[in-house]
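# Structural features, examined
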Amino acid sequence: MFRFARKGAIEYLETEGLSAPGFVTHAFCTRRGGVSTGPYSSLNLGFLAGDRVEDVRRNQTLVEEAFGIPDGRLILMRQVHGDRIRVLDGDGPLPGGLPECDGLISDRPGVALGIRTADCVPIFFVDRVRRIIGAAHAGWRGTALGIAAAMVETLAGRFSSRREDLLAVIGPAIGPCCYQVDAPVFAAFSAMPGTGLFFRPCREKDRWMLDLALANRLQIREAGVPSENIFSAGLCTACRQDLFFSHRAGGGRSGRQINLLMLRAGDDRKNA
Ligand SMILES: [Zn+2]
């Protein structure tokens with residue numbers, strides 16, 4: 001069950017699936033509650049989207065304050081639509097600036113993992129027993145490369161996570177109602193099982209509607225995470241521009257929402 005919540009002016013989506021374990025702070029933020037204007041209105045966290053840098057910085061500070069993220073502990077990625085995953089072994093920002101990757105994994109309390117999206121799929125992973133978190137950014141390229149499965153494999157291989165202990169949460173992304181793709185995209189998925197489920201042919205030749213969230217759900221299930229542990233928000237960013245930034249619906253000129261996940265520093269800080 002997903003529901004909308006707010007901290008101050010920031011409105012976000014959360015799920016019972018991750019609130020229940022009690023040791024993570026998580027939020028799929030909407031675009032509401034920031035200071036940016038125009039197409040970036042208002043909680044834009046994308047520095048490269050064309051918005052004023054000082055407004056984006058202010059928005060980042062607002063998010064850090066709202067969710068109690070310690071100074072300098074919101075780890076963002078230079079997302080490149082690949083399948084590279086970075087396992088964090090420290091608490092602070094990484095040397096050399098933002099890591100170039102599309103997946104982050106951490107077992108450190110008080111370190112927030114952030115994914116910035118505007119149609120692509122944000123996915124959170126939580127090992128509810130070993131208390132390890134992961135965040136992945138999956139556009140069509142990352143999905144076709146299998147980044148969600150790679151997250152499960154990395155958790156299992158590096159942290160001995162049991163697949164039945166993993167929770168996976170798929171956030172708001174462009175839906176099959178709005179995401180039309182062409183032949184090169186369709187071809188990129190040819191080796192993946194279940195394409196008949198997540199591609200629907202359009203009336204136009206060589207065009208399909210792609211359900212990226214479903215493709216990732218199937219991939220995570222295929223990687224061994226039980227179906228009942230996988231949650232999907234089912235909200236389309238392009239249909240709901242009142243709530244979310246959408247690259248497609250915004251004609252390429254839009255902000256980026258932030259999706260964040262953090263192990264709480266103290267277990268007793270319920271609802272912190
Ligand atoms: Zn839609």
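Quick caveat, the model's predicted, so the values are computed rather than measured.

Distances from the zinc ion to its protein donors, namely C177 (SG), C178 (SG), C236 (SG) and C239 (SG), fall within the range 2.3 Å. Between the 4 donor atoms coordinating the zinc ion, the angles at the centre fall across 103 to 117°, so the site counts as tetrahedral. Going along the chain, you hit the donors of the zinc ion in the pattern C-C-x57-C-x2-C. Highlighted residues: C178 in the loop between β10 (166–170) and β11 (180–182) and C236 in the loop between β14 (230–232) and β15 (257–263), separated in sequence by 58 residues. The buried category is assigned to C236, whose relative accessible area is 8%.

This part covers the nonpolar core. Core analysis: the biggest nonpolar cluster contains 39 residues, and I105, I123, F125, F189, F198, L210 and I220 have the highest contact counts within it. At the level of elements, β5 (85–87), β8 (121–127), β9 (132–138), α4 (147–159), β10, β13 (207–210) and α7 (212–222) are the ones that each hand at least two residues to this core. It is α4 that contributes the most residues to this core, 6 residues altogether. Here F189 is in contact with W140, T143, A144, T195, F198, F199, L210 and L212, once residues within four sequence places are set aside. By size, the runner-up hydrophobic cluster in this structure holds 27 residues, among which are F2, C101, A135 and F244.

The subject of this paragraph is helix α2 (residues 53–66). The end-to-end C-alpha distance of α2 is 20 Å, a good match for the 20 Å that 14 residues give at a rise of 1.5 Å each. When α2 is considered as a whole, its buried residues turn out to be D55, V56, N59, Q60, L62, V63 and E64. Of the residues flanking the end of α2, it is G68, one or two places downstream, whose phi is positive at about 65°.

With that settled, the discussion passes to unusual backbone geometry. A cis geometry characterises the amide bond from S41 onward to S42, with omega recorded as -5°. In this fold, S42 is placed in the loop between β3 (24–29) and α2. Although it is not a glycine, D119 adopts a positive phi angle of roughly 125°. With respect to the helices and strands, D119 occurs in the loop between β7 (112–117) and β8.

Relative to the assigned elements, A156 resides in helix α4. Considering only alpha carbons, one finds A156 and D127, 29 residues apart in sequence, at a separation of 9.8 Å. Each residue touching A156, except ones within four places of it in the same chain, is listed here: S161 and R163.

Let us now look at the sheet that holds β9. Pairing is mixed across the open sheet formed by 6 strands, whose spatial order is β5-β6-β9-β8-β10-β14. Of all the strands in the sheet, just β5 and β14 have a single pairing partner and so form its edges. Mean inter-strand twist for the sheet, computed between neighbouring axes without regard to direction, equals 15°.

Inspection of the secondary structure puts G252 in the loop between β14 and β15. Between the C-alpha atoms of G252 and A118, which are 134 residues apart in sequence, the distance is 9.6 Å.

Taking 1.5 Å per residue as the helical rise, α4 with its 13 residues ought to reach 18 Å, and the 17 Å between its terminal C-alpha atoms agrees with that figure. One or two steps after α4, the chain reaches S160, where phi turns positive at roughly 55°.

Another aspect to go through is the pairing of β15. Where burial is concerned, most of β15 is hidden: 7 out of the 7 residues are buried. Summarising the sheet, β3 and β15 pair through 5 bridges and their orientation is antiparallel. Among the inter-strand pairings, T25 is bridged to a residue of β15, identified as M262. Judged from the 6 bridges that link them, β7 and β15 form a sheet pairing that is antiparallel. Bridge assignment links G114 to a residue of β15, and that residue is L260.

Definitions and limits used
- Residues numbered from 1 in each chain as written.
- Predicted model: local features only at pLDDT ≥ 70, side-chain atom pairs only at ≥ 80, totals over all residues.
- Heavy atoms only, no water.
- Donors = N, O, S within 2.8 Å, 3.2 Å for Na, K, Ca; no water.
- Tetrahedral: all angles 85-135°; square planar, octahedral: opposite > 155°, others 65-115°.
- Helix = DSSP H or I, 4+ residues; strand = E, 2+ residues; numbered from the N terminus.
- Buried < 20%, exposed > 50% of the residue type's maximum accessible area, 1.4 Å probe, protein only.
- Core = buried A, V, L, I, M, F, W, Y, C linked by side-chain atoms within 4.5 Å.
- Contact = heavy atoms within 4.5 Å.
- Expected span 1.5 Å × (residues − 1).
- Pairing = 2+ DSSP bridges.
- Axes fitted to C-alpha atoms, helices over the stretch in contact; angles between N-to-C directions.

Remember that the coordinates give geometry; whether it matters functionally is a separate question.
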